[in-house]
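Given next are the chains, with one letter for each unit.
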Amino acid sequence: LGWSGCTGPEEPTPAARPKPAAQRDTLYIAVESEPKDLLSVVSSSAADAAVIEATSAVPMEPDFDCRMSWQPSFATSWVFSPDGRSITVSLREDLVWEDGAPVTAEDYAFTYALTADPQVGSAGVDALRRMDPAARPEVIDAHTVRFAFTEAYDRATMLSHLALPLVPKHILDS
């Protein structure tokens, strides 16, 4: 039978303890090069992507456990149509942009319209390749949007095409 123990330095008195650092509202991200575009629909570099990923909300978050799956983020749910060619996404109702304006299905739809616009030249346009150009995306109500695809394919991949970081329509529409 043996006993073992250790002691550390004596606990400082309350007066000698350092004061906790003040709360900060700055996020530091180390990237190899200077980000150029922090608007998700026009970003094109790894540095851009690193900062956007750390600072942007997306409808759903990827989860990989031997297969790709998706978890809700600011989307509360999504439902595939019986034929698998459309997905209806419901958004949380408590989200706001930095200026206090609500995040809505209009922002979701606008992000995809902006991404599809050839004048924008978005690197994210590949996510729209299998979406029905005549029907994308349909705002059902303030927090619901439906995406139509030209064909049904792997559901995890279809959901990945709905996970672009959103942009605020009320700021960028003009």
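Just so it is clear, the structure is predicted and the values come from calculations on it, not from any experiment. Sequence order sets the numbering: in each chain, residues are counted from 1 along the sequence as written. Thresholds applied to this predicted model are a pLDDT of at least 70 for local features of residues and 80 or more for the giving and counting of side-chain atom pairs; totals over whole chains, interfaces and linings are not thresholded and use all residues. The basis for the side-chain values is all heavy atoms of the structure; hydrogens and waters are excluded.

1. Re the packing of aromatic side chains
The description of an aromatic ring pair uses the distance of the two centres, along with the angle that the planes make with each other.
At step 1: Any pair of Phe, Tyr and Trp rings, taking the six-membered ring for Trp, is counted once the centres come within 6.5 Å. Such a pair is stacked with planes under 30 degrees apart, edge-to-face with planes over 60 apart, and tilted for the rest. This structure, assessed with the given rule, holds four aromatic pairs.
At step 2: Between Tyr-108 and Tyr-112 the ring centres are 5.8 Å apart and the planes differ by 55 degrees, which places this aromatic pair in the tilted class. Of this pair, Tyr-108 and Tyr-112 both sit in helix H2 (residues 105–116), separated by four residues, roughly a single helical turn. With respect to burial, Tyr-108 and Tyr-112 carry one shared label: buried. Numbered from the N terminus, helices here are DSSP runs of H or I no shorter than four residues, and strands are runs of E no shorter than two. Categorising residues by exposure relies on relative accessible area from a 1.4 Å probe, with only protein chains included: less than 20% of the type maximum marks a residue as buried, more than 50% marks it as exposed, and the intermediate range marks it as partly exposed.

2. Digging into the environment of Val-167
At step 1: Mapped onto the elements, Val-167 comes out in the loop between helix H3 (155–160) and helix H4 (169–172).
At step 2: Judged by relative accessible area, which is 2%, Val-167 ranks as buried.
At step 3: For the pair Val-167 and Trp-97, spaced 70 residues apart in sequence, the C-alpha to C-alpha distance is 9.2 Å.

3. Quick look at the pairing of strand E5 (residues 138–141)
At step 1: Where E5 meets strand E6 (residues 144–148), three bridges bridge the pair, whose relative direction is antiparallel. What sits directly across from Asp-141, in E6, is Thr-144.
At step 2: Paired strands, in this sense, are two strands between which DSSP finds at least two bridges. The hairpin turn running from E5 into E6, its antiparallel successor, is two residues long.

4. What about the pattern of salt bridges?
At step 1: Here a salt bridge means any side-chain nitrogen of Lys or Arg lying within 4 Å of a carboxyl oxygen belonging to Asp or Glu. Counting across every chain of the model gives five salt bridges.
At step 2: Across the pair Arg-129 and Asp-126 runs a salt bridge, and its minimum N-O distance is 2.9 Å.
At step 3: Since its relative accessible area comes to 44%, Asp-126 is described here as partly exposed.
At step 4: Of the charged contacts in the structure, one is a salt bridge between Glu-138 and Arg-146, with a shortest N-O distance of 3.2 Å.
At step 5: Here Glu-138 falls in the partly exposed class, since its relative accessible area comes to 38%.

5. A word on the pairing of E6
At step 1: Buried residues dominate E6, accounting for four of its five residues.
At step 2: Inspection of the sheet shows strand E4 (residues 86–91) paired to E6 by five bridges, in the antiparallel sense. Paired with Val-89 across the strands is Val-145, a residue of E6.

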